[in-house]
Amino acid sequence: MTDVSTLPGSTITTRELTVWRTLLRAQVHISRHLHHDLVAEHDLALGSYDVLQHLAEQPDGRLRMNDLADRVLLSRSGLTRLVDRLQRDGLVRRESCTSDARGLFAVITLAGRDRLHRATITHHRGVRELLLGRLDTAEMAQFEMILRKLAPDYPVALSA
């Protein structure tokens, strides 16, 4: 086995690489379980849940497609395909932007709000079981501090 710290030009130690890989594995593990539970119980993929949640957090239930893509970490084309599916299922609709003829909004529908409401119970249960419930109060504070360092531009508080 090659010690990565001895590779030419290496700037990462074996321990640091292990931390990085553990972070990736934890994220994938949690996401896969959340996705499985949401599909099994609500026929709603995790990515779809994320889109609905971001839309529902807006006072008017809508976001420009470009802004939504940035928030859910999808390419513009990936978001377009996802919104196509959500629209086909009656969970969102598209609206033209009156100030920009090329702009489109994704808007959550009443059916989308209803599906999101039911799925949120499953999502929150999973987040608690897979992450939050495994940390004590001190660990939670430390974890939050670390995440703020990693994502400093992310909002401190999200609307409920």
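For every chain, the first residue of its written sequence is number 1, and the numbers climb from 1 along that sequence. Where local features are concerned, this predicted model is filtered to residues with pLDDT of at least 70; where side-chain atom pairs are given and counted, the filter is 80 or more; whole-chain, interface and lining totals use all residues. By convention in this description, side-chain values take in all heavy atoms of the structure and omit both hydrogens and water.

**Considering the pattern of salt bridges**
For side chains bearing opposite charge, pairing can occur when the charged atoms are close. Think of a salt bridge as a Lys or Arg side-chain nitrogen and an Asp or Glu carboxyl oxygen that are within 4 Å of each other. All chains considered together, the criterion is met by eight salt bridges. Residue Arg93 pairs with Glu95 through a salt bridge whose shortest N-O separation is 2.9 Å. Think of it in three bands: residues with accessible area under 20% of the maximum for their type are buried, residues over 50% are exposed, and the middle band is partly exposed, with areas taken using a 1.4 Å probe on protein chains only. Its relative accessible area of 23% is what places Glu95 among the partly exposed residues. Through salt bridges with shared partners, one network takes in Asp60, Arg62, Arg93 and Glu95.

**Notes on the nonpolar core**
Put simply, buried Ala, Val, Leu, Ile, Met, Phe, Trp, Tyr and Cys residues joined by side-chain atoms within 4.5 Å make one nonpolar core. Among the nonpolar cores identified, the biggest contains 25 residues, and Val51, Leu52, Leu55, Leu68 and Leu79 are the most heavily contacted of them. In this text, helices come from DSSP runs of H or I with a minimum length of four residues, and strands from runs of E with a minimum of two, each type numbered from the N-terminal end. Those elements that place two or more of their residues in this core are helix 1 (14-42), helix 2 (46-56), helix 3 (65-71), helix 4 (76-88), strand 3 (100-108) and helix 5 (110-130). Leu68 has contacts with Val51, His54, Leu55, Leu63, Leu79 and Ala106, leaving out every residue within four places of it along the chain. Throughout, a residue-residue contact means that at least one pair of heavy atoms, one from each residue, lies within 4.5 Å.

**A short note on the confidence of the model for the protein**
pLDDT is defined as a per-residue confidence score from the predictor, taking values between 0 and 100. When pLDDT is averaged along the protein, the result is 89, and 88% of the positions lie at 70 or above. Within the protein, the element-level pLDDT minimum falls on strand 3, averaging 83, and the maximum on helix 5, averaging 97.

**A closer look at the side chain of Thr109**
Secondary-structure assignment places Thr109 in the loop between strand 3 and helix 5. Contacts described as polar in this section are N or O atom pairs within 3.5 Å, which, within protein, must combine one atom able to donate a hydrogen with one able to accept it, while residues neighboring in sequence count only if both atoms come from side chains. Separated by 3.0 Å, the side chain of Thr109 and the backbone nitrogen of Gly112 make a polar contact. Apart from the residues lying within four places of it in its own chain, the contact partners of Thr109 are Gly90, Leu91, Val92 and Arg93.

**Remarks on helix 5**
Since one α-helical turn is 3.6 residues long, residues separated by three or four positions face the same way. Taking 1.5 Å of rise per residue, 21 residues should cover 30 Å, and helix 5 covers 30 Å from first to last C-alpha, within 8% of that figure. In the structure, helix 5 departs most strongly from a straight axis at Ala119, where the bend amounts to approximately 30°. Taken as a whole, helix 5 has its buried residues at Gly112, Arg115, Leu116, Ala119, Thr120, Thr122, His123, Gly126 and Leu130. Take the number of residues in a helix, subtract one, and multiply by 1.5 Å to get its expected span. The quantity called bend is, for any residue, the angle between two axes fitted respectively to the seven residues ending at it and the seven beginning at it.

**What to know about the environment of Met65**
Within the element layout of this structure, Met65 appears in helix 3. Linking Met65 and Val83, residues 18 residues apart in sequence, is a C-alpha distance of 9.0 Å. Once residues lying within four places of it in the same chain are set aside, the contact partners of Met65 are Leu79, Thr80, Val83, Arg94, Leu104, Phe105 and Ala106.

**A closer look at the packing of aromatic side chains**
Ring geometry is summarised as follows: Phe, Tyr and Trp rings, the Trp one being its six-membered ring, pair when their centres sit within 6.5 Å, and such pairs are stacked at plane angles under 30 degrees, edge-to-face over 60 and tilted between the two. Applying the stated criterion across every chain, the model contains zero aromatic pairs. Cation over ring: Arg62 sits above Phe105, and NZ or CZ is 4.0 Å from the ring centre. The residue whose ring lies beneath Arg64 is Phe105, and the NZ or CZ to ring-centre distance is 5.9 Å. Counting as a charge over the ring demands two things of the Lys NZ or Arg CZ atom: a distance within 6 Å of the ring centre and an angle within 35 degrees of the ring normal.

**Observations concerning a nonpolar patch on the surface**
By definition, no residue in a patch forms a salt bridge, and every one has over 30% relative accessible area; like charges are joined within 9 Å, nonpolar side chains (Val, Leu, Ile, Met, Phe, Trp, Tyr) within 5 Å. Only the protein chains shown count as cover for residues, and all accessible areas are computed by the Shrake-Rupley method using a 1.4 Å probe. Nonpolar side chains collect at one region of the surface, where Phe143, Met145, Ile146, Leu147 and Leu150 lie side by side and expose about 450 Å² of accessible area between them. You can call Met145 partly exposed: its relative accessible area is 46%.

**Topic: the environment of Glu129**
Inspection of the secondary structure assignment puts Glu129 in helix 5. Spatially, the C-alpha atom of Glu129 lies 9.5 Å from that of Ile30, the residues being 99 residues apart in sequence.

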